[in-house]
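Okay, here's what each chain looks like letter by letter:
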Amino acid sequence: MNSRKICILGDFAVGKTSLVRRFVQQQFGDKYLTTVGVKVDTKTVTLHDGRALKLAIWDVAGTDTPTELFLRYARGAAGLLLVADVTRAETLDCCRELWDAVSARLGPLPHVLLANKCDLAAQRELPRDAADGLFGNALARLDTSALTGENVDLAFEALARGLLDAAP
Ligand code: G3D
Ligand code: MG
């Protein structure tokens, strides 16, 4: 089975661990959420066209700044999920900083941008077009909710499809 390492990146509390949990276990919430160290979950994505890819999803704690340790964790990643929180516009700046640091080290990897917590529409601060032009060619830009599950599978599938298209 074809397999790839991907990293989920973003500011503290944007919902990285919740998104992975929603995708892998179809669940939301619980107390253990704050990630300690690094957590790696795997899940196989099967696309509509029948192609399958096993994703090893690296969720690294304390990734809100691009430290040397963090950059070492990112080594070997084939793709990235960049996560912002729609209720905190400044979380997009953090994505940008992480993206710049990872790109400088690993080159511009295929990526998907997630504007998470879209269920909190009344508290939305992040305009829908805020990321336009910020990260080069994103495979997809999606409003997601780890709470409701909206677009979560789609985000991982978009990355898997992009990775398979780039290197079958
Ligand atoms: P992180 O891994 O990026 O640090 P977490 O973020 O997954 O730990 O989530 C941080 C907080 O945001 C958690 O709340 C979590 O329940 C909440 N959260 C994550 N995703 C969503 C979402 O899509 N919608 C809403 N409404 N909340 C979300 P607590 O209260 O446990 O800190
Ligand atoms: Mg976490």
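Just so you know, these numbers come straight off a predicted model, no measurement behind them. (Residues numbered from 1 in each chain as written. Chains lettered and ligands numbered in written order. Predicted model: local features only at pLDDT ≥ 70, side-chain atom pairs only at ≥ 80, totals over all residues. Heavy atoms only, no water.)

K.L.:
I'd like a rundown of the environment of Ala77, residues and numbers included.
P.N.:
Along the chain, the position of Ala77 falls in the loop between α2 (68-74) and β4 (79-85). When the C-alpha atoms of Ala77 and Arg4 are compared, they prove to be 7.3 Å apart, with 73 residues separating the residues in sequence. Those residues in contact with Ala77, other than ones at most four positions away along the chain, are Lys5, Cys7 and Leu109. (Helix = DSSP H or I, 4+ residues; strand = E, 2+ residues; numbered from the N terminus. Contact = heavy atoms within 4.5 Å.)

K.L.:
Go over unusual backbone geometry with me, naming the residues and quoting the values.
P.N.:
Within the chain, Ala13 stands out as a residue other than glycine whose phi angle is a positive 70°. Among the structural elements, Ala13 can be located in the loop between β1 (3-10) and α1 (16-25). On the basis of relative accessibility, which here comes to 40%, the residue Ala13 falls in the partly exposed class. (Buried < 20%, exposed > 50% of the residue type's maximum accessible area, 1.4 Å probe, protein only.)

K.L.:
Residues and numbers for the packing of aromatic side chains, please.
P.N.:
Across all of its chains, the model carries 3 aromatic pairs by this definition. Centroid distance Phe23 to Phe156: 3.8 Å. Interplanar angle 0°. Geometry classified as stacked. Of this pair, Phe23 sits in helix α1 while Phe156 sits in helix α4 (residues 152-166); the two residues are 133 residues apart in sequence, bridging distant segments of the chain. Relative accessible area serves as the criterion here: at 0%, Phe156 is assigned to the buried category. (Phe/Tyr/Trp six-rings, centres within 6.5 Å; stacked < 30°, edge-to-face > 60°.)

K.L.:
Just give me the short version of the site of ligand 1, but keep the residues and values in it.
P.N.:
Ala13, Lys16, Ser18, Asp119 and Ala146 are the nearest of the 17 residues found near ligand 1. A distance of 2.6 Å separates an oxygen atom of ligand 1 from a polar atom in the side chain of Ser18. In terms of residue count, the dominant contributor to the shell around ligand 1 is α1 (3 residues). Partitioning the shell around ligand 1 into residue classes produces 8 nonpolar, 5 polar and 4 charged. (Near = heavy atom within 4 Å. Polar contact = N/O pair within 3.5 Å; in protein donor to acceptor, adjacent residues only side chain to side chain. Nonpolar A, V, L, I, M, F, W, Y, C, P; charged D, E, K, R; others polar.)

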